[in-house]
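Architecture and fold: a report
Spelled out, the chains give:
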Amino acid sequence: MPDEPETPAHPRPTRRIDARSLRGLAHPLRMNILELLSLDGPATATGLAERLGENTGTVSWHLRHLAEHGFIEEETGRGTRRERWWRRTGVPNELNTADFRDDPRTRGALSVYLHELVGQYFSRVTDYLNEDWDDDWRASGTVSDWHDLSLTPDQLAALNAELMAVVARHTPGPDDPADPAAQPVVVQLQSFPRKRRGPR
């Protein structure tokens, strides 16, 4: 389950999350901090604490923990000795749940990570629905559902790969000029098998 497309338009290395880094990330506050840095860019412990309703010292401790596990880094040349700026590292993370499901030492961390991740995805959708957007933006977004597919595992994997390739084609490169009419866009792909219930 990658948290970013595996085939970006401008290929760059990815980091596969291992057991140690999973345990380092699988904490609700740390995941919220990483989400804010990912979506909104660099921030200080004070700024993050205000947005999260947390104590600055607590946020600072979790920032150092995320940095220790390679998820974030200090933005050098900005801030002061007392007020450090932090940013997400430029390497996308990739998590394969099959690496951890049969390991009792990481099963709890995996459960926390997936629970928090799904909660973040849900919150992003509800924020979009509750925010005030003009008609053009409201018409261009979508919350869609397809439930009449019946696929094999290989077919589902192929479907996901094709959808990720489409997203990758629309992902601007780091040196592409910014369009002044553009807004940050979140694409959430959710596709998974469902157990049959009731008569066939």
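Residues numbered from 1 in each chain as written. Predicted model: local features only at pLDDT ≥ 70, side-chain atom pairs only at ≥ 80, totals over all residues. Heavy atoms only, no water.

Some details on the overall build of the chain
Broken down by element type, the chain carries 7 helices and 5 strands. For the chain, the N- to C-terminal ordering of α and β elements is β-α-α-β-α-α-β-β-β-α-α-α. Expressed along its principal axes, the backbone C-alpha trace of the chain runs to roughly 65 × 50 × 35 Å. Within the span of the chain, comprising 200 residues, buried residues form 27% of the whole. By sequence separation, contacts in the chain at least 24 residues apart represent 65% of the contacts at least 6 residues apart. Considering the chain, the positive charge centre built from 25 side chains and the negative charge centre built from 31 side chains are found 8 Å apart. (Helix = DSSP H or I, 4+ residues; strand = E, 2+ residues; numbered from the N terminus. Buried < 20%, exposed > 50% of the residue type's maximum accessible area, 1.4 Å probe, protein only. Contact = heavy atoms within 4.5 Å. Lys, Arg positive; Asp, Glu negative; His and termini not counted. Charge placed at Lys NZ, Arg CZ, Asp CG, Glu CD.)

Things to note about the packing of helix α2 (residues 28-40) against helix α3 (residues 45-52)
Direction vectors running N to C along α2 and α3 enclose 110°, while the axes themselves pass 11 Å from each other. The pairing of α2 with α3 is recorded here as roughly perpendicular in orientation. The handedness of the crossing between α2 and α3 comes out as right-handed. Side by side, α2 and α3 meet where Leu29, Asn32, Ile33, Leu36, Leu37 and Asp40 of the first sit next to Leu48, Arg51 and Leu52 of the second. (Axes fitted to C-alpha atoms, helices over the stretch in contact; angles between N-to-C directions. Parallel < 35°, antiparallel > 145°, perpendicular 65-115°, else oblique. Left-handed = near helix turned anticlockwise from the far one by under 90°.)

Some words on the pairing of strand β3 (residues 72-79)
As defined by bridge partners, β3 adjoins strand β4 (residues 84-88) across 4 bridges and the pair is classed as antiparallel. Paired with Glu74 across the strands is Trp86, a residue of β4. Between β3 and the antiparallel strand that follows it, β4, lie 4 residues. (Pairing = 2+ DSSP bridges.)

Brief notes about helix α4 (residues 56-68)
In a regular helix each residue adds 1.5 Å, so 13 residues correspond to 18 Å; α4 covers 18 Å between its end C-alpha atoms and thus fits that length. Of the surrounding elements, those touching the buried residues of α4 are α1 (19-25), α2, α3, β3 and β4. Positive backbone phi, at 80°, marks Gly70, one or two positions downstream of α4. (Expected span 1.5 Å × (residues − 1).)

Describing the packing of aromatic side chains
Per the stated rule, a full pass over the model turns up 1 aromatic pair. Above the face of the Trp85 ring, Arg78 is positioned so that its terminal group lies 3.7 Å from the ring centre. It is Arg138 that lies over the ring of Tyr128; its NZ or CZ is 5.0 Å from the centre. (Phe/Tyr/Trp six-rings, centres within 6.5 Å; stacked < 30°, edge-to-face > 60°. Lys NZ or Arg CZ within 6 Å of the ring centre and 35° of its normal.)

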